[in-house]
Amino acid sequence: MSAPVKPAPIKPASDPAVIEEAAAILKAGGLVAMPTETVYGLAADAGNPDAVARLYAAKGRPRFNPLIAHVAGPNMAWRLAGWPDLADQLAETFWPGPLTLVLPKRPDAPIADIANAGLDSIALRAPRHAAAQALIRAFDGPLVAPSANPSGGISPTTAQHVADGLGERIDLILDGGACPVGLESTVIALLGGTPTLLRPGGLARRQIEAITGRLAEPGSEDTLLAPGMMKSHYAPNATMRLNASAAEAGEVFLGFGPINGDLNLSPGGDLAEAATGLFAALRALDARGAARIAVAPIPDEGLGEAINDRLQRAAAPKDDLI
Ligand code: AMP
Ligand code: MG
């Protein structure tokens, strides 16, 4: 019989000694959960295939789903990917922050093939959170960091969420408090042709389009299909009913604005506040053990596009993959 596995310690991300310890664990091929402004990421050395394989195994994530490499900023990005003028403008405006750029991977980039599913492109992001920045700089290289939760489940926005889902499978959890944005990054592809919105996220489409012009949809003529975008994702145990005006028997209800429920994402109708609290609210309602979570309508503007994307994936049948 195998010995019980010790849960990963939770340590304060604001302590420089803890950041040094975390960087040493990553250098040795270990797995460290780190706070970012979007959600908690599970970091591994992007150049170490064994570490990245361990990361996929810990999450139960399919290997055809490529990872985002996290960099300190453009200086680290240039070594990894072709860098068009548009990347420069976007990085200057939105980095560090919740925007991921998919770019042509440089053949000499120190990125393990398994990290980007063997594609000739690579997804890059410079996170804004001080702890993530400190860890990337202490490590002195790119870190892959998908959300620090079992694949398919609700993304973690606190250190405790990480401990609940992956505590026994990773080496260290850095606690930096609750994530301020609360939704994963917006992913856009700059691979020649029209810039394409692969995933709505924590940076609203219209802010990006002010620089890029209208973003194309994946699968449209001159664009690629986004790999690894699961239809079912971010899913609680309960089933979900969206655009509901009130709870039915056996449901718990997630309100928004004037439509109140067991919880309300933002009584004042603020979409940024709703985004920040979305995943914690789904976890809290799921923990009540109801068979179904009903959710009030969320306007599809601004961050509402990403909130509705996550809600639709949470509501999708779990065996229904693209
Ligand atoms: P996450 O699941 O939050 O780690 O985000 C990673 C997502 O970014 C994946 O599900 C992909 O859809 C997208 N992505 C990462 N790398 C690439 C790539 N090289 N090409 C297209 N999409 C990518
Ligand atoms: Mg995820």
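Further up the page is the structure itself.
What you see is a predicted model, and the numbers here were worked out from it, not measured in a lab.

Asks: Teacher, can you tell me more about the pattern of salt bridges here?
Replies: Side-chain pairing between opposite charges can occur once the charged atoms of the two side chains come close. For the coordinates displayed, the defined rule picks out 16 salt bridges. The closest approach of N and O atoms between D113 and K105, which form a salt bridge, is 3.5 Å. Judged by relative accessible area, D113 falls into the exposed class, the value being 53%. Judged by its relative accessible area of 16%, K105 falls in the buried class.

Asks: Mind showing me how you'd approach the packing of helix α8 (residues 271-287) against helix α9 (residues 304-315) here?
Replies: Helix packing geometry: the angle between the two helix axes and the distance between the axes. Contact geometry for α8 and α9: axes closest at 9 Å, N-to-C directions at 25°. It follows from the interaxial angle that α8 and α9 lie roughly parallel. The chirality of how α8 crosses α9 is left-handed. In this structure, α8 contributes L271, A274, A275, L278 and F279 to the contact, and α9 contributes G304, I307, R310 and L311.

Asks: What should I look at first to understand the nonpolar core in this one?
Replies: Ranked by internal contacts, the top residues of the largest apolar core, which has 71 residues, are W95, L101, L124, L135 and L174. Per-element tally for this core: the top contributor is helix α2 (residues 49-59), with six residues. Leave out the neighbours within four places in its chain, and L124 touches I68, A69, V71, A77, L80, A81, W95, L99, T100, L101 and L103.

What counts and how
- Residues numbered from 1 in each chain as written.
- Chains lettered and ligands numbered in written order.
- Predicted model: local features only at pLDDT ≥ 70, side-chain atom pairs only at ≥ 80, totals over all residues.
- Heavy atoms only, no water.
- Salt bridge = Lys/Arg side-chain N within 4 Å of Asp/Glu carboxyl O.
- Buried < 20%, exposed > 50% of the residue type's maximum accessible area, 1.4 Å probe, protein only.
- Axes fitted to C-alpha atoms, helices over the stretch in contact; angles between N-to-C directions.
- Helix = DSSP H or I, 4+ residues; strand = E, 2+ residues; numbered from the N terminus.
- Parallel < 35°, antiparallel > 145°, perpendicular 65-115°, else oblique.
- Left-handed = near helix turned anticlockwise from the far one by under 90°.
- Contact = heavy atoms within 4.5 Å.
- Core = buried A, V, L, I, M, F, W, Y, C linked by side-chain atoms within 4.5 Å.

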